[in-house]
Amino acid sequence: MATPEDQEAGNRLRLVEQQLHELQEHARSVDKKLATLNQIVADQSDVQPRTVSVPGKPGAKKSPPRKKKPPISLGTSEDWINRIGVGLLLLGLIFLFKYSIDKGWLTPPIRLVIGAAIGFVMCAFGLMIKDRRRLGHFLLGGGIAAFYITMFAGYQLYELISYPIAFAGMVAATAASYYFAVRENSVVSAVVATVGGMLTPFLLFNEDGSLVALVVYLCLIVCCGIGVFVYKGWRTLLLVTFVGGWLGLLAGWAIADIASVFSSGDGHTADRITFQIGIIVTLIAVGAMPIVRIMLEHRNPDRWPMANLVWFKNASLVQQPGHLFALAAPFAASGLTGQLWDMDGFIWFAIFAISAAIYAATYRPLALAGLSKSASVHGMVAALLACVAFTRLVDESHFTLVFFAFVGLFLAWLGLQLKDNGLRGLGHAIMVAVVFMLPDEIGMNNDRPPGVNIVALCTLASTVALFAVTRLDKNREVRIVYSFVAYVFFLSWLLEELNKFDNGQALVSTAWGLCGLALMIVSWRTGSRLIRLTGLGTLLIVLGKLFVVDLAALDAGYRILLFLGLGATLLALSYFFPQLWRIEENDSADGSPPTGETDSVTETES
């Protein structure tokens, strides 16, 4: 007789069988619908492809691909032919002018009229040519250059026009060139306008000029050039504006310095302040605005496209020069500022520390905005400014050494945590600088008393930082180089410190022998062939030192102890750890230990 439990189990089984049957029927229905839809799609594929939604599986219509704007090429062969052609044309006109002057055919006023006429004709043809826009752009730029040459000759060479007229003419040529650059989409006109505008106060130079007017004018040209760059995205214009802006300020400072404009006095202090304001404006324009342009391009690449440089497709710093200029601009500004003011170390420390804090504060917003490269560059600038700030505050080289060592270690670790190759690269670059600074610091410690002193502690801490950075790089070769260099510096540090004691050579040999012994034991524990070879090499160096140095420099008692100790150590290693010496027999190709010798093998080598 069936129990209630058996009846309940039977009911559940019948229910499951019924649901399974319904699912099978539904699957057959779906298959039939799919076959019908596939047939419809196959029949209409030749007419117009379309997206079909499957019942039960809603499909999303794919949006048509976005049309990308064609890149603006700045380096084609046609461009160079145009450049060369316009350049040869201008040179030919110059030679023609010189020849006519030598023959006495043309008087100075006629020469100026002809020069202006040539510039006007070139500009007219440049605007008229519609089917060959590149050629038109170069003719337009060449015409504007002819106007600059005419104004310069009329004022400086022939003295036929006054300074206000010549200056107004050059400013008008600059404004017209910028206008044509935007209207005709001509980077050549923009570059000519920036270069001509920068050169205007120097081409029309006279001793009665005002430094304030010069700085204001240069800042105006820099802002115009950067404004057109932000609007059009022309990298060549950015490069010209960056270089021209700083060179213009540098030339202005040189002229003012020769004329003793920056001498003591209230009026000259005003000139210094004005010049400092010009430096800050240039720093913001060429250092910060390119990053703003990169942000605009990142948010809306269709609205803010960047012109393409076909010759530098794989050079990221050239494709995004704003990163390079953001890195260089603060140091260019600090260099010019240092020529203006005589400030003590603490004020410089405050300036660089505040600047480092500003750049560091922009790291996270840029990273969150998806601009990882821009964030990395700002982090690198912040780290470099912090290093410079510390050097301005502390004059002692050993403190600078240990500071740089731990800054490099921190940047390597931070770059690893944030997956920022720029910060990691800067950290490793600083560690390389530490490697070159360490030998001098170790050698400078000779006159210090033996034992613990501040120089010895700083050099030892820097060596420890070199050891620590080996754990922050996945590249085996890089880890090996860091480890070997740090180990060599550690042995050198032992030599310098222990040799100051009486019979210091005995202490050095003992310490080196212990280092070699420790490496041999570590290699037995980790199975690292490289560590084993390093330890064996250290013991061989100690053995050679015993015969070359210690045998003649130490007392008999110390010689006996060293020879007996080293001999007993080698015999003990040979007896208790015979596998340490069978390098070729037991080691595999990748340096792993023989099977059964160790319980575990570390993945990396210290």
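Note that the structure is a prediction, hence the values are computed from the model and not measured.

This brings us to the overall build of the chain. Counting secondary structure elements, the chain contains 22 helices and zero strands. Split into buried and exposed, the 606 residues of the chain put 39% on the buried side. Long-range contacts, defined here as pairs at least 24 residues apart, represent 66% of the contacts in the chain between residues at least 6 apart. Entry remark: accessible area of the chain is about 33900 Å², with carbon and sulfur atoms responsible for 67%.

Where helix α3 (residues 108-128) contacts helix α4 (residues 133-157), the two axes come as close as 7 Å, and the packing angle between them is 160 degrees. As the angle between them shows, α3 and α4 are arranged roughly antiparallel. Note on packing geometry: the crossing formed by α3 with α4 is left-handed. Along the contact surface, α3 presents Leu112, Gly115, Ala116, Gly119, Phe120, Met122, Cys123, Phe125, Gly126 and Leu127, while α4 presents Arg133, Gly136, Leu139, Leu140, Gly142, Gly143, Ile144, Ala146, Phe147, Thr150, Ala153 and Gly154. Along the lines of polarity and charge, the residues of the contact of α3 with α4 split into 13 nonpolar, eight polar and one charged.

In terms of nonpolar packing, the biggest core is built from 54 residues, with Leu211, Trp246, Phe262, Phe275 and Ile279 touching the most fellow members. Mapped by element, the contributors of at least two residues to this core are α4, α5 (163-184), α6 (187-203), α7 (211-232), α8 (235-258), α9 (266-299) and α11 (321-340). With twelve residues, α7 is the largest single contributor of residues to this core. When neighbours within four sequence positions are excluded, Trp246 is seen to be in contact with Ile279, Thr282, Leu283, Val286, Ala329, Ala332, Ala333 and Leu336. Core analysis: the second largest hydrophobic core is formed by 40 residues, Leu366, Leu409, Leu423 and Ala465 among them.

Moving on, we come to α7. Taking 1.5 Å as the rise per residue, α7 with 22 residues should run 32 Å; its terminal C-alpha atoms sit 32 Å apart, in good agreement. One or two positions beyond α7, positive phi appears at Gly233, with a value near 75 degrees.

Turning next to the environment of Phe152. Counting through the fold element by element, Phe152 comes out in helix α4. A relative accessible area of 28% means that Phe152 is categorised as partly exposed. For the pair Phe152 and Phe167, spaced 15 residues apart in sequence, the C-alpha to C-alpha distance is 9.1 Å. Contacts of Phe152, omitting those with residues within four sequence positions, involve Leu157, Met170 and Leu203.

Right, let's talk about the packing of aromatic side chains for a bit. Scanning the model with the defined rule gives twelve aromatic pairs in all. On the basis of an interplanar angle of 15 degrees and a centroid distance of 5.9 Å, the ring pair of Tyr163 and Phe167 is categorised as stacked. Here Phe167 and Tyr163 lie together in helix α5, a separation of four residues that amounts to about one turn. On the basis of relative accessibility, which here comes to 32%, the residue Tyr163 falls in the partly exposed class. By relative accessible area, Phe167 is classed as partly exposed at 26%. Here the aromatic residues Tyr155, Tyr163, Phe167 and Tyr217 are joined through ring pairs into a cluster of three or more.

Okay, the pattern of salt bridges next. Inspection of every chain in the model, using the stated rule, returns one salt bridge. In this structure, Arg183 engages Glu184 in a salt bridge whose closest nitrogen and oxygen atoms are separated by 3.2 Å. Accessibility expressed as a relative area gives 51% for Arg183, which makes it exposed. Of the residues examined, Glu184 reaches a relative accessible area of 11% and is grouped as buried.

Here we take up the side chain of Ser186. With respect to the element layout, Ser186 can be found in the loop between α5 and α6. By relative accessible area, which is 0% here, Ser186 ends up buried. A distance of 3.1 Å separates the side chain of Ser186 from the side chain of Ser189, its partner in a polar contact.

Before going further, it helps to spend a moment on the packing of helix α14 (residues 372-393) against helix α15 (residues 397-418). Close contact between α14 and α15 brings their axes to 10 Å; oriented N to C, the two are set at 165 degrees. Taken together, α14 and α15 sit at an angle that is classed as roughly antiparallel. Note on packing geometry: the crossing formed by α14 with α15 is right-handed. Facing Ala383, Ala386, Cys387, Phe390 and Thr391 of α14, the residues of α15 in contact are Phe399, Thr400, Phe403, Phe404, Val407 and Leu411. Broken down by class, the residue content of the contact of α14 with α15 amounts to nine nonpolar, two polar and no charged.

Residues Leu540, Leu543, Phe547, Val548 and Val549 make up a contiguous nonpolar surface patch of about 460 Å² in total accessible area. The exposure class of Leu543 is partly exposed, given its relative accessible area of 31%.

Note that predicted coordinates carrying low pLDDT should not be read in detail. Per-residue pLDDT for the chain averages 78, and the proportion of residues at 70 or more is 74%. Averaged pLDDT values over the elements of the chain bottom out at 44 in helix α22 (residues 583-586) and peak at 93 in α7.

Of note in this structure, Asn185 is not a glycine but carries a positive phi near 60 degrees. Turning to its location among the elements, Asn185 is positioned in the loop between α5 and α6. Backbone geometry at Lys419 places phi at a positive 55 degrees, although glycine is not the residue there. Positionally, Lys419 belongs in the loop between α15 and α16 (421-444).

Tracing the chain through its elements places Thr470 in the loop between α17 (454-469) and α18 (476-498). A distance of 2.5 Å separates a polar atom in the side chain of Thr470 from the backbone oxygen of Phe467. Not counting residues up to four positions away in its chain, the partners in contact with Thr470 are Arg479, Tyr482 and Ser483.

Once that is clear, we can look at α8. Along an α-helix, residues three or four apart share an orientation, since each turn contains 3.6 residues. With 24 residues, α8 ought to run about 34 Å at 1.5 Å a step, and its terminal C-alpha atoms sit 35 Å apart, in line with that. Following α8 by one or two positions, Ser260 adopts a phi angle in the positive range, close to 60 degrees.

Considering the arrangement of structural elements, one finds Ile442 in helix α16. C-alpha of Ile442 to C-alpha of Leu495: the two residues are 53 residues apart in sequence and 9.8 Å apart in space.

Cut-offs applied
- The numbering scheme is per chain: residues are counted from 1 as the chain's sequence reads.
- With the structure being a predicted model, the display of local features is reserved for residues of pLDDT at least 70 and the display and counting of side-chain atom pairs for 80 or more, all residues being used for whole-chain, interface and lining totals.
- Hydrogen atoms and water are omitted, and side-chain values are computed over all heavy atoms in the structure.
- Secondary structure elements follow DSSP: runs of H or I of four or more residues count as helices, runs of E of two or more count as strands, with numbering from the N terminus.
- For every residue, the accessible area (1.4 Å probe, protein chains only) is compared with the maximum for its type, and the residue is labelled buried under 20%, exposed over 50%, or partly exposed between those bounds.
- Any two residues having at least one pair of non-hydrogen atoms within 4.5 Å are treated as being in contact.
- In short, Shrake-Rupley with a 1.4 Å probe defines the accessible areas, and a residue's cover is counted only from the protein chains shown.
- The convention used is that axes are lines fitted to C-alpha atoms, helices contributing only their stretch in contact, and that angles between N-to-C directions extend from 0 to 180 degrees.
- Throughout this description, any angle smaller than 35 degrees is read as roughly parallel, any larger than 145 degrees as roughly antiparallel, any in the 65 to 115 degree range as roughly perpendicular, and the remainder as oblique.
- Here is the rule for handedness: rotate from the far helix to the near one, and if that takes an anticlockwise turn smaller than a right angle the crossing is left-handed, while a clockwise turn gives right-handed.
- When residues are sorted by character, Ala, Val, Leu, Ile, Met, Phe, Trp, Tyr, Cys and Pro go into the nonpolar class, Asp, Glu, Lys and Arg into the charged class, and all the rest, Gly among them, into the polar class.
- Grouping buried Ala, Val, Leu, Ile, Met, Phe, Trp, Tyr and Cys residues that are joined through side-chain atoms within 4.5 Å yields what is termed a nonpolar core.
- Take the number of residues in a helix, subtract one, and multiply by 1.5 Å to get its expected span.
- Classification of ring pairs rests on two measures: the distance between centres of Phe, Tyr or Trp rings, Trp counted by its six-membered ring, which must be within 6.5 Å, and the angle between planes, read as stacked under 30 degrees, edge-to-face over 60 and tilted in between.
- Between Lys or Arg on one side and Asp or Glu on the other, a salt bridge is scored when a side-chain nitrogen of the former is within 4 Å of a carboxyl oxygen of the latter.
- The term polar contact refers here to a pair of N or O atoms within 3.5 Å; inside protein, the definition further demands a hydrogen-donor-capable atom paired with an acceptor-capable atom, and it admits residues adjacent in sequence only when both atoms are side-chain atoms.
- Patch criteria: residues need more than 30% relative accessible area and no salt bridge. Like-charged residues are merged within 9 Å; nonpolar side chains of Val, Leu, Ile, Met, Phe, Trp and Tyr are merged within 5 Å.
- Every residue is assigned a pLDDT by the predictor, reflecting its confidence on a scale from 0 to 100.

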